[in-house]
Amino acid sequence: MEAFMIRIGILALIFIASIWPAMAEAKRVALVIGNSAYVNTASLSNPVNDANIVADAARKAGFDDVVVALDLTISSFQRELRSFREKANGADVAMIYYAGHGMEGQGKNWLIPIDAELKTAFDLPYESINIERMMESVSGARIRIVILDACRNNPFGNLWASGTRAVTQGLAGFDADGVLVIYAA
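**A look at the overall build of the chain**
Regarding its fold elements, the chain presents five helices and seven strands. Order of helices (α) and strands (β) in the chain, N terminus to C terminus: α-β-α-β-α-β-β-α-β-α-β-β. Residue burial in the chain is summarised as follows: out of 185 residues, 51% are buried. For the chain, long-range pairs separated by at least 24 residues make up 71% of all intrachain contacts whose partners lie at least 6 apart in sequence. Counting only carbon and sulfur atoms, one obtains 52% of the accessible surface of the chain, whose full area is about 8700 Å².

See below:
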């Protein structure tokens, strides 16, 4: 299944490169995130490898600035998104690829940094990245793409206190005006 999802992401990159051949001088930026080495929950074996494959595909598709960010803590995740927002501002194409744990909680989607300590759903805003931060990071570009290759289970649910709603369905649908969102999970 993972290989299939990577192929979808690569096909999306090839599609982008093929429909804008006249944009040879265009500024295309990508942030590729792979979180595997989780500290407080199960580690994932594929995200770092997948991120490297997608980064190579982005370079081959004509992205001239590809940042690969692996095993991000909450602070490094925030820093990378802030830095990428500056690069994406005024770009013709801005793309973010994320592979790692992701979940829905409190009616929002969250991406999980490797150092997150989620004892209850109420910890999400303090320990995780709201997906809206990704949408903001690409907002300054003409063409905006976000690819989410997030695991669809709640890796902390079995640790949450009784009475706390455990989320088991992964990411929820959301509005992303002007952003092509590709779910690879």
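Still more ground to cover, so stick around.
**Details of unusual backbone geometry**
Look at D71: it is not a glycine, yet its phi comes out positive at around 50°. Here D71 is to be found in the loop between β2 (65–70) and α3 (74–88). You can call D71 partly exposed: its relative accessible area is 26%.

**So, the pattern of salt bridges**
Applying the stated criterion across every chain yields a total of four salt bridges. For D56, the salt bridge goes to R59, with nearest N and O atoms at 3.1 Å. Of this pair, D56 and R59 are both found in helix α2 (residues 47–60), three residues apart, which corresponds to roughly one turn of the helix. By relative accessible area, which is 41% here, D56 ends up partly exposed. Close ionic contact of D92 with R142 constitutes a salt bridge, the shortest N to O distance being 3.7 Å. Highlighted residues: D92 in the loop between α3 and β3 (93–105) and R142 in the loop between α5 (131–138) and β6 (143–151), separated in sequence by 50 residues. Since its relative accessible area comes to 51%, R142 is described here as exposed.

**Thoughts on the nonpolar core**
Formed by 35 residues in total, the largest nonpolar core has its most connected members in I33, F77, F84, I96, Y98, I112 and M134. Contributing elements (two or more residues each) for this core: β1 (28–34), α3, β3, β4 (108–111), α5 and β6. With five residues, α3 is the largest single contributor of residues to this core. With near-sequence residues (within four places) excluded, M134 lies in contact with I33, F77, L81, I96, Y98, L111, V146 and L148.

**Details of the side chain of N35**
Among the secondary structure elements, N35 is positioned in the loop between β1 and α2. Discounting residues that sit within four places of it in the chain, N35 has contacts with L44, P47, L70, D71, L72, F77, Y98, A99, G100, I112, P113 and I114.

**Side note on α5**
Two residues of an α-helix separated by three or four positions point the same way, owing to the 3.6 residues in each turn. Looking only at α5, the buried set comprises I131, M134, M135, S137 and V138. All buried residues of α5 project into a common sector of 160° when viewed along the axis, lining one side. The distance from a side-chain oxygen at the start of α5 to the backbone nitrogen of E132 is 2.8 Å, and the residue carrying that oxygen is N130.

**A look at the pairing of β3**
The buried count for β3 comes to 13 of 13 residues, which makes it a mostly enclosed element. In this sheet, β3 lies alongside β1 in parallel orientation, the contact comprising seven bridges. Looking at β3, one finds that V29 is bridged to A94. In this structure, β3 lies alongside β4, joined through four bridges in antiparallel fashion. Bridging from a neighbouring strand, M103 pairs with W110 of β4. In textbook terms, the turn of a hairpin is the stretch between consecutive antiparallel strands, and for β3 and β4 this stretch comprises two residues, one of which, Q106, has a positive phi near 55°.

**Details of the environment of V66**
Position of V66 relative to the elements: it lies in strand β2. Relative accessible area serves as the criterion here: at 15%, V66 is assigned to the buried category. Distance in space between the C-alpha atoms of V66 and D56 is 8.7 Å, their sequence separation being ten residues. With residues up to four places along the chain from it excluded, the contact list for V66 reads A30, V32, A55, A58 and R59.

Procedures and definitions
- Residues numbered from 1 in each chain as written.
- Predicted model: local features only at pLDDT ≥ 70, side-chain atom pairs only at ≥ 80, totals over all residues.
- Heavy atoms only, no water.
- Helix = DSSP H or I, 4+ residues; strand = E, 2+ residues; numbered from the N terminus.
- Buried < 20%, exposed > 50% of the residue type's maximum accessible area, 1.4 Å probe, protein only.
- Contact = heavy atoms within 4.5 Å.
- Areas by Shrake-Rupley, 256 points an atom, 1.4 Å probe, with all protein chains shown as cover.
- Salt bridge = Lys/Arg side-chain N within 4 Å of Asp/Glu carboxyl O.
- Core = buried A, V, L, I, M, F, W, Y, C linked by side-chain atoms within 4.5 Å.
- Arc of directions from axis to C-beta.
- Polar contact = N/O pair within 3.5 Å; in protein donor to acceptor, adjacent residues only side chain to side chain.
- Pairing = 2+ DSSP bridges.

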